[in-house]
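Understanding the architecture of this molecule
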Amino acid sequence: MQKVTKPFNFARMGTAEEFKNTMTQAGLPFPVDENVDVLATPVKLGNKVIPNRMCIQPLEGFDGNPDGSPSELIFRRYKRYAEGGAGLLWYESITVADDGRCNPLQMVIKPSTVSEIKRLVDESNAAAVAKYGRRPYNVLQLTHSGRRSTDKDWNPTPLAVVPNPYIDHHNSIDGRSGKITFATDEKIEEIIQGFINAATLAYEAGFDSVDIKVCHEYILRELLAAYNRPGKFGGSFENRTRAVFMIIDGIRKNLGDKLDICVRLNAYDCIPYPHGWGMKKEEGVMEPDLTETIQLCKMLVGKGVSLINISTMMPRYQPYGRGYLAELEGSEINPYAGTYHLLKATKEIKEAVPEGVFVCTGLTWLEQFGGSVAAGGINQGWFDIGGFGRQGFAYPDFAYDLMNDKTMHRYKCCVTCDKCYDLIQKGHCQTGCVVRDQEVYLPLYRKNVQGK
Ligand SMILES: Cc1cc2nc3c(=O)[nH]c(=O)nc-3n(C[C@H](O)[C@H](O)[C@H](O)COP(=O)(O)O)c2cc1C
Ligand code: SF4
């Protein structure tokens, strides 16, 4: 497994200014603003409003019911998020097909689960209204796990779209390969139809928007990098992006403007061309090239898909050196450099596509300074909304504190220990914050991870 280096001692940094100076001296000039007032301002999106500029990123808890409906732990999670005050709740990935789950307890959106998913949204909204007199803007992330698919016993059942020598040996979340099936064009069309049908159910459940997930290891992201796939879903830019636009057009045909559409998109894959998206088109070279990413963002915004959440395989990977491969090889990873590069890429994309509303990824790495970087990034035009992932697990009311106390409290922050990841990777069980939400998750950690 990888070694994550942590050269900075955030506990000893008293002010955002100190943080900024230390990071700048280390060659990572993050945008920083001590004044976080901008985070409380709304963002207009068509005829809807996102009430503030703080987003809880999608974080799957691996804790649905076996039938694909939300469990009590999921109801608890979204109530905590709603009460925590973030204006944009990006609900965790939910699969559009039973065979597209990345773990046996991932939620599935289908006619038999939609009423419980609606109850989840209703109860979360009610909790926000009770506290703030308004509800958040709710996005549901739709996915098919593709290479990451598993069966009900956690055995990998990878469905890939093209061979990839860099990652074919490492498909499931715990690093196993499984026997790869390659999707035919007909299978891809079936999955596309699954996204379109799922969007109608998401609308019935009361979501403001659906995210056509085009990031991380999942199937639509893999299609973006399918340079070597023959046929209508591979090769040219038009073919590699075809599935995304077929889904968008299909949803619009059924629902018109009743449901917003957005995407979570990899800026770059940290896997060299011709096996990675957003990378310099020279074989084997680990270097980003955002030309196609920017082209895709322009086309999406042109289609009214203006909310775009920029990610990469994981923000801790730099698109240089060994990139994503460092994870597979156990090489050293500096997550602060990875996060800085991802934010810088987001800035380049935002500058090229100013009409887009961009959410950034990776702020949890910056612990109590995440709010100041979110504010600095917005004020300096790097992105529009600050996206917090694990901080949502650890510190669901960080947004409330940023709006009321104008700061994040270190004693509540995520300590970036990776234990929530260990719960899924090593423990194959439900996940949440082992450190700040001990009552629920420490017993799970002791039982399923410690000693393994
Ligand atoms: C346990 C866990 C579950 C996650 N689930 C999802 C998911 O469902 N969809 C997604 O796009 N990203 C998922 N992510 C990635 C996060 O959204 C986020 O990009 C990542 O944690 C980095 O941001 P952070 O540094 O703010 O945590 C998950 C991450 C973790 C640790
Ligand atoms: S378990 Fe560790 S990494 Fe995960 S949310 Fe909690 S403090 Fe953060």
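Use the structure listed above.
First things first, this report covers the structure right here in the doc. Chains are numbered independently. Their residues run from 1 in the order of the written sequence. The order in which chains are written sets their letters, starting at A; the order in which ligands are written sets their numbers, starting at 1. Given that the model is predicted, a residue must reach a pLDDT of at least 70 before its local features are reported, and side-chain atom pairs must reach 80 or more before they are shown or counted; all residues, however, enter totals for whole chains, interfaces and linings. Derived side-chain values reflect all non-hydrogen atoms in the structure, with water molecules and hydrogen atoms excluded from consideration.

**A short note on the overall build of the protein chain**
Counting secondary structure elements, the protein chain contains 15 helices and 14 strands. With C-alpha atoms as the basis for the radius of gyration, the globule rule is written as 2.2 Å multiplied by the number of residues raised to the power 0.38. Taken over the C-alpha trace, the protein chain has a radius of gyration of 20 Å; the compact-globule value for 452 residues is 22 Å, and the two agree within 12%. With the C-alpha coordinates aligned to their principal axes, the bounding extent of the protein chain is approximately 55 × 50 × 50 Å. Three labels apply to residues, based on accessible area from a 1.4 Å probe with only protein chains included: buried if under 20% of the type maximum, exposed if over 50%, partly exposed otherwise in between. Counting only residues that meet the buried cut, the protein chain has 63% of its 452 residues in that class. The contact definition used throughout considers only heavy atoms, calling two residues in contact when any of these lie within 4.5 Å. The contacts in the protein chain between residues at least 6 apart in sequence include a share of 70% that link residues at least 24 apart. In this tally Asp and Glu are treated as negative and Lys and Arg as positive; neither His nor the chain ends contributes. Charged side chains are reduced to one point each, which is NZ for Lys, CZ for Arg, CG for Asp and CD for Glu. Looking at the protein chain, you have 53 positive and 54 negative side-chain charges, and the mean spots of the two groups are 2 Å apart. By definition, any uninterrupted DSSP run of H or I lasting at least four residues is a helix, any uninterrupted run of E lasting at least two residues is a strand, and each is numbered from the N terminus.

**Quick notes on the pairing of strand E10 (residues 260-266)**
Most of E10 sits inside the fold, with 7 of its 7 residues counted as buried. Covered by surrounding structure in E10 are Asp260, Cys262, Arg264 and Asn266 together with Ile261, Val263 and Leu265, the residues of both alternating faces. Strand direction decides the pairing type here: strand E9 (residues 209-212) and E10, joined by 3 bridges, are parallel. Paired with Val210 across the bridge in E10 is Ile261. A crossover gets the label right-handed when its path from the first strand over the helix to the second runs clockwise, viewed with the strands pointing away from the viewer. For the handedness criterion, the β-α-β arrangement of E10, helix H8 (residues 291-302) and strand E11 (residues 307-311) is classed as right-handed. Paired strands, in this sense, are two strands between which DSSP finds at least two bridges.

**Observations regarding the site of ligand 2**
Close to ligand 2 lie Arg390, Phe393, Cys414, Val415, Thr416, Cys417, Asp418, Lys419, Cys420, Cys433, Val434 and Val435. For the shell around ligand 2, the secondary structure elements donating two or more residues are helix H12 (390-394) and helix H14 (419-425). Classification convention: Asp, Glu, Lys, Arg as charged; Ala, Val, Leu, Ile, Met, Phe, Trp, Tyr, Cys, Pro as nonpolar; all other residues, Gly among them, as polar. In the shell around ligand 2, the residues fall into 8 nonpolar, 1 polar and 3 charged. If a single non-hydrogen atom of a residue is within 4 Å of a molecule or strand, that residue counts as near it.

**A closer look at the site of ligand 1**
Looking at ligand 1, there are 22 residues lining it, with Pro58, Gln141, Thr364, Gly389 and Arg390 nearest. Side-chain polar atom of Thr364 to an oxygen atom of ligand 1: 2.6 Å apart, as the coordinates give it. Here a polar contact is recorded for every N or O atom pair within 3.5 Å, except that within protein the pair must consist of a potential hydrogen donor and a potential acceptor, and residues adjacent in sequence are included only if both atoms are side-chain atoms. Between ligand 1 and the protein, one listed contact pairs an oxygen atom with a side-chain N or O atom of Arg390 at 2.7 Å. Coverage of ligand 1 by the protein amounts to 91% of the 610 Å² it exposes when considered alone. Elements with a minimum of two residues in the shell around ligand 1: H12 and H14. Per-residue accessibility takes into account occlusion by the displayed protein chains alone, with areas from the Shrake-Rupley method and a 1.4 Å probe.

**Notes on unusual backbone geometry**
Of note, the amide linkage connecting Tyr273 to Pro274 takes the cis form, showing an omega dihedral of 5°. Relative to the assigned elements, Pro274 resides in the loop between E10 and H8. Positive phi outside glycine occurs at Cys270, with the angle close to 60°. With respect to the element layout, Cys270 can be found in the loop between E10 and H8. The backbone of Glu367 shows a phi angle near 50°, a positive value even though the residue is not glycine.

**Remarks on the environment of Thr361**
Of note, Thr361 is situated in the loop between strand E13 (357-359) and helix H11 (370-379). Taking relative accessible area as the criterion, Thr361 reaches 5% and is therefore assigned buried. Here Thr361 is in contact with Gln57, Arg264, Asn309, Ile310, Ser311, Pro315, Thr339, Leu342, Leu343 and Gly387, once residues within four sequence places are set aside. Reaching out from Thr361, the side chain makes a polar contact with the side chain of Gln57 at a distance of 3.1 Å. There is a polar contact of 2.8 Å between the side chain of Thr361 and the backbone oxygen of Ile310.

**A word on the nonpolar core**
Counting residues in hydrophobic clusters, the biggest one holds 132 residues, and the most contacted among them are Phe19, Phe30, Ile251 and Leu265. Among the elements that line this core, the one with the most residues is helix H4 (residues 185-205), at 10 residues. Phe19 has contacts with Phe10, Met13, Phe30, Val32, Leu366, Phe369 and Val373, leaving out every residue within four places of it along the chain. Take the buried residues of types Ala, Val, Leu, Ile, Met, Phe, Trp, Tyr and Cys, join any two whose side-chain atoms come within 4.5 Å, and each joined set is a nonpolar core. Core analysis: the second largest hydrophobic core is formed by 13 residues, Leu45, Val139, Cys262 and Val357 among them.

**Focus: the sheet that holds strand E6 (residues 137-143)**
A sheet is described by the order of its strands in space; here 8 strands give the open sequence E13-E11-E10-E9-E6-E5-E4-E14, paired in parallel fashion. A single partner strand is all that each edge strand has here, and the edge strands are E13 and strand E14 (386-388). Across the sheet, the axes of successive neighbouring strands diverge by a mean angle of 25°, strand direction being ignored. Where strand E4 (residues 54-56) lies against strand E5 (residues 88-95), 2 bridges are found, and the strand directions are parallel. In the strand pairing of E5, Ile56 is matched with Leu89. Axis angles are defined between N-to-C directions and span 0 to 180 degrees, where every axis is a line fitted to C-alpha atoms and, for a helix, only to the segment in contact. Packed on one face of the sheet, H4 meets E6 and E9 and runs near 155° to E6.

**What to know about helix H2 (residues 72-84)**
By definition here, a helix of n residues has an expected span of 1.5 Å times n minus one. If you check H2, its first and last C-alpha atoms are 18 Å apart, about what 13 residues at 1.5 Å a residue would give, namely 18 Å. Taken together, the buried positions of H2 are occupied by Ile74, Phe75, Arg77, Tyr78, Tyr81, Ala82 and Gly84. Contacts made by the buried residues of H2 are with E4, E5, helix H3 (114-132), H12, helix H13 (398-404) and helix H15 (438-448). Phi for Gly85, located one or two positions after H2, is positive at around 100°.

**Details of the pairing of E11**
Counting buried residues along E11, 5 of its 5 residues qualify, which places the element largely inside the surrounding structure. Across the two faces of E11 the burial is the same, with Leu307, Asn309 and Ser311 and Ile308 and Ile310 all buried. Two strands pair when backbone bridges link them, and E11 and E13 are joined in this way by 3 bridges, in the parallel orientation. Across the sheet, the residue bridging to Leu307 is Val357, located in E13.

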